[in-house]
Amino acid sequence: MIDNERQITLVRLARSGDAHAFAELYEGIYKDLYKAALYRLGNPEDAENVVSDTVLDAYAGLDRLRDENAFRGWIFRILSNKINKVIKNYVDKREHEMAQSIEDYSEVMPSGENSTKTAEDRVLIDQAFAVLSDEEKEIVTMTVFGEYDSGEIAQFMKLNRNTVRSKYSRALAKMRACLA
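Attention in this report is confined to the structure presented alongside it. What you are looking at is a predicted structure, and each value in this text was computed from that prediction instead of being measured. (Residues numbered from 1 in each chain as written. Predicted model: local features only at pLDDT ≥ 70, side-chain atom pairs only at ≥ 80, totals over all residues. Heavy atoms only, no water.)

### Observations regarding the pattern of salt bridges
Enumeration according to the criterion identifies eight salt bridges in this entry. Salt-bridge contacts for aspartate 32 lead to arginine 72; the nearest nitrogen and oxygen are separated by 2.5 Å. With aspartate 32 in helix α2 (residues 19–41) and arginine 72 in helix α4 (residues 71–89), this pair connects stretches of sequence that are 40 residues apart. The class for arginine 72 is buried, based on a relative accessible area of 9%. One network of salt bridges, with partners in common, ties together Arg12, Arg15 and Glu68. (Salt bridge = Lys/Arg side-chain N within 4 Å of Asp/Glu carboxyl O. Helix = DSSP H or I, 4+ residues; strand = E, 2+ residues; numbered from the N terminus. Buried < 20%, exposed > 50% of the residue type's maximum accessible area, 1.4 Å probe, protein only.)

Below, the structure is given as structure tokens:
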């Protein structure tokens with residue numbers, strides 16, 4: 001991770017057209033971008049594509065970044081918007097999968113009691129996750145799968161740490177209610 005002073009210097013250089021400065025910024029944040037995308041999308045290829053698109057848009061739009069200190073949050077917001085677009089493109093597919101009956105899953109899965117239980121669990125989890133807003137999905141995903149703490153998520157999403165905790169708690173309550 002790049003320290004704050006170095007980040008400000010690199011952002012200023014990148015704004016003036018220094019591609020090497022932007023490359024250093026990218027190098028310092030790539031893993032976090034990829035990790036967040038992978039946890040939200042669950043597919044390495046989609047995650048790589050979204051990160052690539054994010055970096056291209058960030059480089060092209062660097063002049064729109066108002067505060068050099070906010071580079072990390074700014075690029076994560078671009079990533080989040082890209083991820084949401086990918087998810088929206090696959091909504092029809094996901095809705096179809098969730099609407100399938102347990103028997104349909106059982107036909108595709110290997111026979112046996114455990115595979116049927118796994119299919120049932122997956123359908124229930126998908127249904128519970130579907131009741132969440134995009135923001136709640138992002139917070140739950142980053143907390144559970146990304147193992148980010150509320151402070152890191154707050155920084156990525158430009159929210160207060162306590163707000164992130166509250167939204168996470170409410171999201172889990174919504175999921176519990178759906179599973180009850």
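### What to know about empty space enclosed by the protein
This model, assessed by the stated rule, comprises one cavity of 30 Å³ or more. There is about 40 Å³ of room inside the largest cavity. Every residue lining the largest cavity is listed: Ala36, Arg40, Phe76, Leu79, Ser80, Ile83, Glu138 and Met142. Elements that contribute at least two residues to the lining of the largest cavity include exactly α2, α4 and α8 (134–144). Element by element, the count of residues in the lining of the largest cavity is highest for α4, at four residues. (1 Å grid on protein atoms, 1.4 Å probe; cavity = no way out; pocket = protein on both sides within 12 Å on 5 of 7 lines; lining within 4 Å. Points joined across faces, edges and corners; volume = space filled by probe spheres on them.)

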